[in-house]
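These are the residues of each chain, in order.
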Amino acid sequence: MRTRIGAAAWIVAVVQFLVVQLVVEAGWRTPYSWAENNISDLGNVSCRIWDDSRPRYVCSPLHDAMNAGFAVHGVLLFVGMLLAGACWGRGGISATSRILLAISAGGWVLVGLVPADIDENLHVGGALLIMGLGNLGLLLTGFSSRSSLFGGLRSVTLSIAVVAVLAAWMFFGQHDPGTGLGGLERIAAYALDAWTLVMALAILRARRPDTAGEMTTGMCEEALP
């Protein structure tokens, strides 16, 4: 039941985050582009030309809703990771990956509490926790014990993680492959959301031990003796 509640928390985290973004960007009077605008533009509190490297006019009337959405997103991700901890199995790699992912969840809270145009350095620090440590934690999760539920889905995890790490490296290096830097940031930042959604569904579909005590297809608790 713990893991299923954690899975539900992940699903709510992803859905509410997407809905909040769509609502907030709809409140813009100027066009908002997922390719050209950063995610953080939705949470900026002032209306002005922003970002010396890519000057653009930013004005987000519903910034309070977006910043609350960032924070709620982080809290729900953390709750899911806490409750679904058994799905990583035992071992140093699994423990390290969970720690890194928990820190990345805190990064979402940080960027919500400190908008980019209030304290850019602290805000960027939060982004580094999300796209740096978070994607590293996702990569390590790909090497969890195969006896765990997540370890059994190693190919899915590693595929998402490799794309996320590459996108983060290109975004922070300002190397646009044609997606726009805003689009590149979304690949790097939302990869973990995609992974949590896939894993949440895997948890909810996993079968329990049968009544004779024989284990069937793995629940997360099977990874823990």
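See the structure above.
Residues numbered from 1 in each chain as written. Predicted model: local features only at pLDDT ≥ 70, side-chain atom pairs only at ≥ 80, totals over all residues. Heavy atoms only, no water.

Undergrad: Explain the pattern of salt bridges to me, and be specific about the residues and the numbers.
TA: Should their charged atoms come close, side chains of opposite charge can pair. In the structure shown here, the tally under the stated rule is two salt bridges. Here Asp51 ties to Arg56 by a salt bridge, and the two come within 3.0 Å at their closest N and O atoms. Relative accessible area serves as the criterion here: at 11%, Arg56 is assigned to the buried category. One continuous salt-bridge network, built from bridges that share partners, spans Asp41, Asp51 and Arg56. (Salt bridge = Lys/Arg side-chain N within 4 Å of Asp/Glu carboxyl O. Buried < 20%, exposed > 50% of the residue type's maximum accessible area, 1.4 Å probe, protein only.)

Undergrad: Now, about the state of the cysteines: what can you tell me, with residues and values included?
TA: Tallied over the full model, the rule gives one disulfide. The side chain of Cys47 participates in a disulfide bridge whose partner is Cys59; the two sulfur atoms lie 1.9 Å from each other. Since a negative S-S torsion denotes a left-handed disulfide, the Cys47-Cys59 link at about 50° is right-handed. You can see Cys47 sitting in the loop between helix H1 (2-26) and strand S1 (48-50) and its partner Cys59 sitting in the loop between strand S2 (56-58) and helix H2 (63-83), a full 12 residues away along the chain. The exposure class assigned to Cys47 is partly exposed, which follows from its relative accessible area of 45%. (Disulfide = S-S within 2.5 Å. Helix = DSSP H or I, 4+ residues; strand = E, 2+ residues; numbered from the N terminus.)

Undergrad: Break down the packing of aromatic side chains for me, citing the residues and quoting the values.
TA: Scanning all chains against the criterion turns up 13 aromatic pairs. Aromatic side chains Phe17 and Phe70 sit 5.8 Å apart centroid to centroid with 55° between the ring planes, which places their arrangement in the tilted category. Pair noted here: Phe17 is in helix H1 and Phe70 is in helix H2, with a separation of 53 residues, a long-range link. There is no split in this pair, since Phe17 and Phe70 are both buried. Taking the centre distance of 5.9 Å and the plane angle of 85° together, the rings of Phe17 and Tyr190 count as edge-to-face. Remark: Tyr190 occurs in helix H6 (residues 181-205) and Phe17 occurs in helix H1; sequence separation between them is 173 residues. Across the pair, Tyr190 and Phe17 agree in class, each one buried. (Phe/Tyr/Trp six-rings, centres within 6.5 Å; stacked < 30°, edge-to-face > 60°.)

Undergrad: An account of the nonpolar core is requested, with residue identities and associated values reported.
TA: Within the largest apolar cluster, 51 residues are counted, with the highest numbers of intra-cluster contacts made by Trp10, Trp108, Met131, Phe150, Trp195 and Ile203. At the level of secondary structure, the elements contributing two or more residues to this core comprise H1, H2, helix H3 (92-113), helix H4 (120-141), helix H5 (154-172) and H6. In terms of residue count, H6 provides more of this core than any other element does, 11 residues in total. Apart from the residues lying within four places of it in its own chain, the contact partners of Trp108 are Phe17, Phe70, Ala71, His73, Gly74, Leu77, Ile130, Ala189 and Tyr190. (Core = buried A, V, L, I, M, F, W, Y, C linked by side-chain atoms within 4.5 Å. Contact = heavy atoms within 4.5 Å.)

In short, geometric facts, not functional conclusions.
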